[in-house]
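# Structure at a glance
Single-letter residue listing:
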Amino acid sequence: MSSDGPAHRVQSAVVEYGYPQGHLGHLSSDEEAAFKNFKIVCEEKGYYKPGTGDEPGTHDDATLLRFLRARRFIVPDALKQFTDTEDWRKANQLDQLYETIDIEHYEETRHLYPQWTGRRDRRGIPVYVYEVKHLNSKTMAAYEKSAKETNSKAQTDGKTSPKLLRLFALYENLIRFVMPLCTALLDRDHPRTPITQSNNIVDISGVGLKQFWNLRTHMQDASTLATAHYPETLDRIFIIGAPAFFPTVWGWIKRWFDPITTSKIFILSHHDLLPTLESFIEPANIPKKYGGQLDYTFGDKPVVDPAMEHFIKWEGDRKEFPRGPMYWVNFDEEGEKGKAGKTGFDMEALAVGAEGGKERREKICRIE
């Protein structure tokens, strides 16, 4: 089946997709047909290999579906975005970057951008917090200088700036560590539907117009590339602490996103802040700074959800996740490196990155 010819349109896809609509297990017959066609054309183009027997596919269904959903189930459009992303990832060796990046460089970046609190919303989607005031001119100048000296084994095409590549190491953490962990926890509605998105509380209090102006190019570049190569990873964005001049800034920002993405952005007044957050997130999982009960400060490591502790089996004396990049591997019931399609498998977290030029690969924990 070829991708040539009339665009494959799905009528229900012209409206915004709210979880779980448009996700695995919640597709209409037309969406299912588009998904099947998409996988076929991706395989024809040599960008996807389905699983066979004990061998897993090159991409899981949830990842492929993100690209299709982002393009409203129009197969040719999704194919272009997916192949462009795969070419970009290969040209910049994103997997190698994530697995060999210097941990101090990774942590320096983590302290400047959205951070996972360790908690989830009422539907099981991870909650991130971002305090923009930290991106002042002095900090950004130091970061840009440091980013040029990023240590990893990855080779790049020279077209994507080092500071953005470091940022995308954080996106890799989202899709390779946080999302699989949240997916594995079944204490939620639709437990068989993979978690492929995040919620973001974006705090812009204390940010002046000059700071916004100085950040505009960087934020636009980061938003454009993230939308292109990590589509459908945002569920909701809650903007809080907006100053009186924010309508001017909003005029810039909304041009960086497509209408579906902008429809997911909530600009909250102080009066609406807690009621809106509580409609999506349990108070126990909302940071105290925003009226909730979670003892979490921007910059902290994730405060692990108590529900996770019932499923996590720590390696040795560990009791928390370490600094730096991590990802999950699947194991079958015999303990061999396994396939996600087999019954009885569990997941094992590996800490990667490099310290002092020495690569690490440490077992952290398992989810059984």
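Quantities reported herein were computed from a predicted structural model and do not represent experimental measurements. (Residues numbered from 1 in each chain as written. Predicted model: local features only at pLDDT ≥ 70, side-chain atom pairs only at ≥ 80, totals over all residues. Heavy atoms only, no water.)

Next up on the list: the environment of Thr227. Counting through the fold element by element, Thr227 comes out in helix 8 (residues 209-229). Taking the relative accessible area as the measure of exposure, Thr227 reaches 28% and is therefore partly exposed. Separated by 141 residues in the primary sequence, Thr227 and Glu86 have C-alpha atoms spaced 14 Å apart. Dropping the residues within four chain positions of it, Thr227 is found in contact with Gln81, Phe257 and Asp258. (Helix = DSSP H or I, 4+ residues; strand = E, 2+ residues; numbered from the N terminus. Buried < 20%, exposed > 50% of the residue type's maximum accessible area, 1.4 Å probe, protein only. Contact = heavy atoms within 4.5 Å.)

According to the domain assignment, the protein consists of domain 1 (16-92) and domain 2 (102-305). Centre-to-centre, using C-alpha coordinates, domain 1 lies 24 Å away from domain 2. Contacts between the two partners involve 20 residues from domain 1 and, on the opposite side, 31 residues from domain 2. Carbon and sulfur atoms make up 52% of the surface buried where domain 1 meets domain 2, a total of about 2,300 Å² over both sides. In terms of surface lost to domain 2, no three residues of domain 1 exceed Tyr19, Arg66 and Trp88, which account for 35% of the buried area on that side. At the surface where domain 1 touches domain 2, the tally comes to two salt bridges. Arg89 is the partner of Glu172 in a salt bridge, and the nearest nitrogen-oxygen pair spans 2.7 Å. The tally of links from domain 1 across to domain 2 stands at 14 residue pairs in polar contact (both at pLDDT 80 or more). Mapped onto the side of domain 1 that touches domain 2, the elements with two or more residues apiece are helix 2 (61-70) and helix 3 (75-92). (Domains from an automatic or database assignment. Buried area = accessible area lost by both parts, 1.4 Å probe. Salt bridge = Lys/Arg side-chain N within 4 Å of Asp/Glu carboxyl O. Polar contact = N/O pair within 3.5 Å; in protein donor to acceptor, adjacent residues only side chain to side chain.)

Positive phi, close to 45°, is recorded for Gln93, a residue that is not glycine. Here Gln93 is to be found in the loop between helix 3 and helix 4 (94-100). Phi is positive for Glu232, which is not a glycine, with a value near 55°. Structurally, the position occupied by Glu232 is in the loop between helix 8 and strand 4 (234-240). Judged by its relative accessible area of 12%, Glu232 falls in the buried class.

Going through the model one piece at a time under the given rule, you end up with 24 salt bridges. Between Asp95 and Arg89 there is a salt bridge, and its shortest N-O distance comes to 3.0 Å. Overall, the relative accessible area of 42% leaves Asp95 in the partly exposed class. We classify Arg89 as buried; its relative accessible area is 17%.

All right, on to the nonpolar core then. Tyr113, Phe177, Ile201 and Phe321 are the most contacted members of the largest nonpolar core, which totals 83 residues. The element contributing the most residues to this core is helix 7 (residues 162-184), with twelve residues. Excluding its chain neighbours within four sequence positions, the residues that come into contact with Ile201 are Val127, Tyr128, Val129, Tyr130, Phe238, Ile240, Leu277, Ile281, Pro287 and Tyr290. Membership of the second largest hydrophobic core comes to 16 residues, among which are Leu27, Phe38, Phe73 and Val75. (Core = buried A, V, L, I, M, F, W, Y, C linked by side-chain atoms within 4.5 Å.)

Successive residues of a regular strand alternate their side chains across the two faces of the sheet. Most of strand 1 (residues 115-120) sits inside the fold, with six of its six residues counted as buried. One ladder, built from three bridges, connects strand 1 with strand 2 (residues 126-131); its direction is antiparallel. When the bridges of strand 2 are listed, Trp116 appears paired with Tyr128. From the end of strand 1 to the start of strand 2, which pair antiparallel, there are five residues, and Gly124 there has a positive phi angle of about 95°. (Pairing = 2+ DSSP bridges.)

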